[in-house]
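A closer look at the structure
Listed below, chain by chain, are the residues.
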Amino acid sequence: MVGYAFMGAAHSQGWRTVGRVFDLPLEPRLAAVCGRDGSAVRAAADRLGWAAAETDWRVLIERDDVDLVDICTPGDSHAEIAIAALEAGKHVLCEKPLANSVEEAEAMTEVAQQAQQRGLVAMTGFNYRRVPAIALARRMVADGRIGTLRHVRVSYLQDWLVDPAFPLTWRLQKPYAGSGALGDLGAHAVDLAQYVAGEPVAGVSALTETFVRERPVLEGASVGLSAAGGGALGQVTVDDAALFTGRFASGALASFEATRFATGRKNALKVELNGERGSLYFELERLNELYFHDQTEPGVSAGFRRILVTEPEHPYLEAWWPPGHGLGYEHTFAHQARDLVHAIAEGTAPAPSFADGLQVQRVLAAVEESAAKNSVYTPVPVTSA
Ligand code: SOE
């Protein structure tokens, strides 16, 4: 694994757990973790359960005991590491968004497709697909339970940037992160909408905004500084929020909201689909539940009902706890690991593949293009008499 911060810790948890819960065709072993700071990466290896630590990812991908490289670094290094790892004959799991640009994602996808012919698997890490309730929603849509799709509504709201004193971390700088709330949260929203609906977004129209344009620079960071009064401030070069509408080829309409400024919302991801025969509703803060409205029931007693997604027949649940005991955020990473191990062992195409990650990247690029055109129409003001 390359990188060991929040996502690296979450992936490690998934890798440590997966073989103890699911019957797997291969046994994952946590061979080595990589980071630039020698003592920090050794401490991370001990804490997260990796057998060894490396300080150079080029050395890591050449190790004979490494078959799979899991990339949990900021987006600016995804393309270089993923391409080198595939060329070194390793399977790859790469965190979302797949890359910082469409061009990088295209190059990664091309290499992944060539590598697939040599039996190598390359997966994009959209973990929320692996929430059992989300996987059930997809199954129900595919089974026609909500009929012809009319609307998909996804919002992904956080609030950790509300304080203007929050420092200028890598997530707020385009060269490292590619984009802001759009790539970080909007990428999940787009992937989920497409995954559950079962079709790609075909067109978008968007608004983005950066509410706080300068933030305190972290010591030792190399960014363009402005000589403002107190401490040094640096430019925020990504969006704080992205709002967009979308259209599916089937004619269904979608709306998306991704923001880090929704005060009080910590990790609030909501997905709703409305079809001619019914609706489905999910929210991450209650992730063991899926709400279903069946429009074919008599109106007098119809309404949204709660499906508690903890039955052994539900996706991923056969291996977990008895009904009603519930899963959480971390389990999505064990499920992702399970699906990846199966794809590797069985030689099947992984989902989401790098091509799926590229497709999301293209939607994000279309959102940025639309927002840059700023085609906002101004209503004529009403003047009071
Ligand atoms: C940070 O905003 C973040 O950790 C994202 O990067 C993750 O993908 C998301 O799952 C939670 O929020």
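Residues numbered from 1 in each chain as written. Predicted model: local features only at pLDDT ≥ 70, side-chain atom pairs only at ≥ 80, totals over all residues. Heavy atoms only, no water.

What follows concerns the nonpolar core. Ranked by internal contacts, the top residues of the largest apolar core, which has 79 residues, are Trp-15, Val-152, Phe-256, Leu-273, Leu-280, Phe-282 and Leu-290. Looking at which element gives the most residues to this core, the answer is helix α8 (residues 181–197), with 11 residues. In terms of domain composition, this core takes at least three residues from each of domain 1 (6–128) and domain 2 (132–286 + 288–327). Not counting the four nearest positions on each side in its chain, Val-152 is found in contact with Ala-193, Ala-197, Phe-248, Leu-253, Ala-254, Ser-255, Glu-272 and Leu-273. Formed by 32 residues, the second largest nonpolar core is a distinct cluster that contains Ala-31, Ala-52, Ala-99 and Ala-122. (Core = buried A, V, L, I, M, F, W, Y, C linked by side-chain atoms within 4.5 Å. Buried < 20%, exposed > 50% of the residue type's maximum accessible area, 1.4 Å probe, protein only. Helix = DSSP H or I, 4+ residues; strand = E, 2+ residues; numbered from the N terminus. Domains from an automatic or database assignment. Contact = heavy atoms within 4.5 Å.)

Looking at the ligand, the residues that line it are Phe-6, Lys-96, Tyr-128, Tyr-156, Gln-158, Trp-160, Arg-171, Asp-184, Leu-185, His-188, Asn-267 and Tyr-329. Contact distances for the ligand include 2.9 Å between an oxygen atom and a side-chain N or O atom of Lys-96. Separating an oxygen atom of the ligand from a side-chain N or O atom of Tyr-156 is a distance of 3.4 Å. The greatest single-element share of the shell around the ligand, amounting to three residues, is contributed by α8. Residues of the shell around the ligand, tallied by class, amount to six nonpolar, three polar and three charged. (Near = heavy atom within 4 Å. Polar contact = N/O pair within 3.5 Å; in protein donor to acceptor, adjacent residues only side chain to side chain. Nonpolar A, V, L, I, M, F, W, Y, C, P; charged D, E, K, R; others polar.)

Once that is clear, we can look at the packing of helix α1 (residues 6–21) against helix α9 (residues 331–346). When two helices pack together, their arrangement is given by the angle between the helix axes and the distance between those axes. Direction vectors running N to C along α1 and α9 enclose 60 degrees, while the axes themselves pass 7 Å from each other. Considering how the two elements wind past one another, α1 and α9 form a crossing that is right-handed. Of the residues in α9, those in contact with Met-7, Ala-10, His-11, Gly-14, Trp-15, Thr-17 and Val-18 of α1 are Phe-333, Ala-334, Gln-336, Ala-337, Arg-338, Leu-340 and Val-341. Classifying every residue of the contact of α1 with α9 by side-chain character gives nine nonpolar, four polar and one charged. (Axes fitted to C-alpha atoms, helices over the stretch in contact; angles between N-to-C directions. Left-handed = near helix turned anticlockwise from the far one by under 90°.)

Domain annotation for the protein reports domain 1 (6–128) and domain 2 (132–286 + 288–327). For domain 1 versus domain 2, the distance between C-alpha centres works out to 24 Å. Taken together, the 12 residues of domain 1 in the interface contact 21 residues of domain 2. Carbon and sulfur atoms make up 65% of the surface buried where domain 1 meets domain 2, a total of about 1,400 Å² over both sides. When residues of domain 1 are sorted by the area they lose upon contact with domain 2, Phe-22, Phe-126 and Tyr-128 head the list and together hold 47% of the total. Residues Asp-184 and Lys-96 are paired through a salt bridge, measuring 3.0 Å at the closest nitrogen-oxygen approach. Residues of the side of domain 1 that touches domain 2, tallied by class, amount to six nonpolar, four polar and two charged. (Buried area = accessible area lost by both parts, 1.4 Å probe. Salt bridge = Lys/Arg side-chain N within 4 Å of Asp/Glu carboxyl O.)

Here we take up a nonpolar patch on the surface. Where nonpolar side chains cluster on the molecular surface, the patch consists of Leu-207, Leu-243 and Val-376 and spans about 250 Å² of accessible area. Residue placement: Val-376 occurs in the segment after α10 (354–373). (Patch = residues over 30% accessible without salt bridge, like charges linked within 9 Å, V, L, I, M, F, W, Y side chains within 5 Å. Areas by Shrake-Rupley, 256 points an atom, 1.4 Å probe, with all protein chains shown as cover.)

With that settled, the discussion passes to the sheet that holds strand β15 (residues 289–294). Across the sheet, eight strands lie side by side as β7-β11-β12-β6-β13-β14-β15-β16; this open sheet has mixed pairing. The sheet is open, and its two borders are formed by β7 (201–209) and β16 (305–308), each paired with just one other strand. Going from strand to strand, the sheet's axes swing by 15 degrees on average, the running direction of each strand aside. The pairing of β15 with β16 spans four bridges and is classified as antiparallel. Bridged to Tyr-291 within β16 is Arg-306. (Pairing = 2+ DSSP bridges.)

Another aspect to go through is the side chain of Lys-90. Looking at the element boundaries, Lys-90 is found in the loop between α4 (78–87) and β4 (91–95). At 2.6 Å, the side chain of Lys-90 forms a polar contact with the backbone oxygen of Val-66. If near-sequence neighbours (up to four positions away) are discounted, Lys-90 is found in contact with Ile-61, Arg-63, Val-66, Asp-67, Val-69, Ala-85 and Leu-120.

This next bit is on the sheet that holds β4. If you walk across this open sheet you meet the three strands as β3-β4-β5, and the pairing is parallel. The strands lining the two open edges of the sheet, one partner per strand, are β3 (68–71) and β5 (122–125). When the angles between neighbouring strand axes are averaged without regard to direction, this sheet yields 15 degrees. Note that β3 and β4 share four bridges and pair parallel. Bridge pairing links Leu-68 to His-91 in β4. Relative to β4, α1 is tilted by about 135 degrees, and along the sheet it contacts β3 and β4.

Another aspect to go through is the packing of aromatic side chains. Applying the stated criterion across every chain, the model contains 10 aromatic pairs. An angle of 70 degrees between the planes, with centres 6.0 Å apart, marks the rings of Tyr-128 and Tyr-156 as edge-to-face. Remark: Tyr-156 occurs in strand β6 (residues 149–157) and Tyr-128 occurs in the loop between β5 and α6 (132–142); sequence separation between them is 28 residues. Look at Tyr-128 and you get buried, because its relative accessible area is 3%. (Phe/Tyr/Trp six-rings, centres within 6.5 Å; stacked < 30°, edge-to-face > 60°.)

To continue, consider the state of the cysteines. A complete count under the given rule lists zero disulfides for this structure. Cys-72 supplies the cysteine sulfur nearest to Cys-34, a cysteine that is in no disulfide, at a spacing of 12 Å. A relative accessible area of 4% places Cys-34 in the buried class. Looking at Cys-72, it has no disulfide partner, and the nearest cysteine sulfur is the one in Cys-94, 8.5 Å off. (Disulfide = S-S within 2.5 Å.)

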